[in-house]
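Structural overview
Residues per chain, in single letters:
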Amino acid sequence: MTTTDEIPGPAGLPLLGSMFDLRNDALGTFLASQRAHGDVVRITVGPPGVRATVYGIFSAEGVQQVLAAQSANFRKDNAFYQEVRESFGNGLLTSQDEDYLRQRRLVQPLFTRRRVDSYAEAIAAEVRAVTEEWRTAEHSTVDVLDEMTRLALRAVARILFGTDVEAAVEIVERAFPVMGDYVLRRGFSPLNIPRDWPTPGNRRAAAACDELYAVCDRIIAGRRTAADADADEGDGDSGAQDLLTLLAEAESAQDGSFDAAELREQVLIFLLAGHETTATSLGFALHLLALHPEERKRAHEEVDRVLAGRTPVAADLDALPYLTQVLKEAMRLFPAGPVIGRRAVAATEIDGHTIPAGADVVVAPWVTHRHPAYWEDPERFDPDRFTPEAEASRPRYAWFPFGGGPRACIGQHFSMLESVVALAMILQAYDLEAVDTEVPVTSAITLRAAGPARCRVRPRTA
């Protein structure tokens, strides 16, 4: 077994280590480190005195230890998650221990397959609105990543807020990028000034946060006032079954219910995690199909054969396996959460190396999804990697876009439902041809395009 100092990794600069490499291209740095040094690497960041050490774990077996088998040893105690908590609250994404277990128990009944499937009609309505707008797109060209971000935000906001969707969407579109950039910058900086110092960056982030909190609090207060009025009139069901209503009604003898601040925290996390991740998967699936005519033809044929022109419903998911394979392959190449961080609370042996207690640890779908031990010609787009037989032949954690273990994403089925419904409806209506053949990406809270992903969209004739 190697000691901590013997774990290999990039040398970096004498005084700053790999700080600039990670700042300029974190995904490329992690990928190059795995290629050069193996599945457990040690990366130093920052000048002496505030230098940090990050351990990258890149094998499927190592990922399984961190996220599942020994997950109790790897907690969300690092600086990045603390910054997310400070900005977005202590919802399901960031909470731990009894807070997390209580929240999960209250929220879990709202994410059963049957409940999630009931949202298909609302998703389809938002997709239909987007595809109608494309008919008047300038030069018949759209940026599919921008369009899917808009679609996914409107879909999740409608499912959360129901008829209050318009009040939230505009503010979320304006505030989330400001808050996301702020969290990212502080989460990966070795030194941060206090948030209450009146710097321009602090003031911009605080204003965005206040605006977002205010709209959520206003909608929550209005919803509870309406619920109280219904109760006074003896009507226990207002008829509104959006997710906010269900969250407000969630209660158990063991766990109580959410107060107003907790409700806001859950809503903010659902907005954050529920639209950016799905938008990334959908946008890149469309772009990849636009680049690959044979795969696009297969997808069109499946949609036409199964749906015969009708709007898809939740029950169609199992009958659209090739679309599911396309989405899974898009999530392999462009995972919405490309890097997942943890902090070790106990020394743990992984792949013959000892990760010390207190160490910052990352597992990276971006790297493991390209690992040559699991993926032949890993940069090639090939949906047939996800046939049932091919999936059964790989280790469980060779592909983990939704995380894994006890902290696996609670919204997996919701994301896949929205993605398959949207992809099917778009392919029913349009053929696509890529304008931009390469889309540079960077790692923020989620994977982010650093350039356009434009496609020409041509209406299909019956």
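Further up the page is the structure itself.
Residues numbered from 1 in each chain as written. Predicted model: local features only at pLDDT ≥ 70, side-chain atom pairs only at ≥ 80, totals over all residues. Heavy atoms only, no water.

**Notes on the nonpolar core**
Within soluble globular proteins, side chains that are nonpolar tend to cluster in buried spots. So the rule is basically this: Working definition of a nonpolar core: buried Ala, Val, Leu, Ile, Met, Phe, Trp, Tyr and Cys residues. They are joined through side-chain atoms within 4.5 Å. Summary of the burial criterion: residues with accessible area below 20% of their type's maximum are buried, those above 50% are exposed, and those between are partly exposed, where the area comes from a 1.4 Å probe applied to protein chains only. Segments assigned H or I by DSSP are reported as helices when at least four residues long, segments assigned E as strands when at least two residues long, and all are numbered from the N terminus. Should any heavy atoms of two residues lie within 4.5 Å, those residues are counted as being in contact.
In this structure, Phe88, Leu247 and Ile355 are the most contacted members of the largest nonpolar core, which totals 145 residues. Ranked by the residues each element gives to this core, the list is headed by helix α11 (residues 260–291), at 15 residues. Leaving out residues up to four positions away in the same chain, Phe88 has contacts with Phe176, Met179, Val183, Tyr213, Glu265, Leu268, Ile269, Leu272 and Ile445.

**A look at helix α1 (residues 19–37)**
To be explicit about the condition: Under the convention used throughout, the expected extent of a helix is 1.5 Å for every residue step, that is, one less than its residue count. Bend, in this description, refers to the angle at a residue between axes fitted to the seven residues ending there and the seven starting there.
Taking 1.5 Å as the rise per residue, α1 with 19 residues should run 27 Å; its terminal C-alpha atoms sit only 18 Å apart, a clear shortfall. The sharpest bend along α1 comes to roughly 120°, located at Asp25. For α1, the set of buried residues is Met19, Leu22, Ala26, Leu27, Thr29, Phe30, Leu31, Ser33 and Gln34. Buried-residue contacts for α1 involve β1 (40–45), β10 (360–363), α14 (365–368), β12 (441–443) and β13 (447–449). Phi turns positive, to about 105°, at Gly38, one or two residues after α1.

**Some details on the packing of aromatic side chains**
In plain terms, the rule: For this analysis, a ring pair means two rings from Phe, Tyr or Trp (six-membered ring only for Trp) whose centres lie within 6.5 Å, classed as stacked if their planes differ by under 30 degrees, edge-to-face if by over 60, and tilted for the remaining angles. A ring has a charge above it when a Lys NZ or an Arg CZ is no more than 6 Å from the ring centre and no more than 35 degrees off the ring normal.
Tallying each qualifying case throughout the model produces 11 aromatic pairs. Ring centres of Phe88 and Phe176 lie 5.4 Å apart, and the angle between their planes is 80°; this geometry places the pair in the edge-to-face category. Of the two residues, Phe88 is situated in helix α3 (residues 79–88) and Phe176 in helix α8 (residues 165–187); the sequence distance between them amounts to 88 residues. With relative accessibility at 1%, the residue Phe88 sits in the buried group. Relative to Phe386, the ring of Trp375 has its centre 5.8 Å away and its plane inclined at 35°; by these criteria the two rings are tilted. Residue Trp375 is located in the loop between α14 and α15 (388–392), and its partner Phe386 is located in the loop between α14 and α15; the two are separated by 11 residues in the primary sequence. Comparing Trp375 with Phe386, the two get one shared label, buried. Cluster of aromatic residues (ring-pair linked, three or more members): Phe284, Phe334 and Trp366. Directly above the aromatic system of Tyr100 lies the positively charged group of Arg407, at a separation of 3.7 Å from the ring centroid.

**A word on the side chain of Gln266**
Note on placement: Gln266 falls in helix α11. For Gln266, a relative accessible area of 1% translates into the label buried. Non-local contacts of Gln266, meaning those with residues more than four positions away in its chain, are made with Asn90, Gly91, Leu92, Gln103, Leu247 and Phe258.

**Some remarks on the sheet that holds β1**
As a reminder, the rule being used: Note on pairing: two strands pair once DSSP finds at least 2 bridges between them.
Strand order across the open sheet formed by five strands is β1-β2-β10-β7-β3, with mixed pairing between neighbours. Edge positions in the open sheet fall to β1 and β3 (74–75), since each of these has one partner strand only. Here four bridges tie strand β7 (residues 340–344) to β10, and the two strands are oriented antiparallel to one another. Looking at the pairing, Arg343 lines up with Asp360 of β10.

**Remarks on the pattern of salt bridges**
Cut-off, in case you're wondering: Note on definitions: salt bridges are taken to be side-chain nitrogens of Lys or Arg within 4 Å of carboxyl oxygens of Asp or Glu.
Taken as a whole and judged by the stated rule, the model has 31 salt bridges. Ionic pairing is found between Glu329 and Arg385, a salt bridge with its closest N-O pair at 3.0 Å. With a gap of 56 residues between them, Glu329 in helix α13 (residues 321–333) and Arg385 in the loop between α14 and α15 connect regions that are remote in the sequence. One salt bridge connects Asp382 with Arg380, and the closest N-O pair in it is separated by 3.2 Å. Note on Asp382: relative accessible area 18%, which makes it buried.

**Details of the packing of α11 against helix α12 (residues 293–307)**
Defined as follows: All axes here are fitted lines through C-alpha atoms, helices being fitted over the stretch that makes contact, and every angle between N-to-C directions spans 0 to 180 degrees. We call Asp, Glu, Lys and Arg charged. Ala, Val, Leu, Ile, Met, Phe, Trp, Tyr, Cys and Pro are nonpolar, and the rest, Gly among them, are polar.
The N-to-C vectors of α11 and α12 enclose an angle of 115°; their axes lie 5 Å apart at closest approach. Along the contact surface, α11 presents Leu289, Ala290 and Leu291, while α12 presents Pro293, Glu295, Arg296 and Ala299. Per-class residue counts for the contact of α11 with α12 are five nonpolar, no polar and two charged.

**Here's the deal with the sheet that holds strand β14 (residues 454–459)**
Reading across the sheet, the three strands line up as β4-β14-β11 and stay open at both edges, with antiparallel pairing between neighbours. Only two strands of the sheet have a single neighbouring strand rather than two, namely β4 (141–143) and β11 (430–434). Sheet twist, expressed as the mean angle between neighbouring strand axes with direction ignored, is 40°. Taken together, the three bridges between β4 and β14 define a ladder with antiparallel strand orientation. Paired with Asp143 across the bridge in β14 is Arg454. Helix-sheet contacts for helix α7 (residues 144–161) involve β4, β11 and β14, and the interaxial angle to β4 is about 65°. In the packing of helix α16 (residues 412–429) onto the sheet, contacts are made with β11 and β14, and the angle to β11 comes to roughly 95°.

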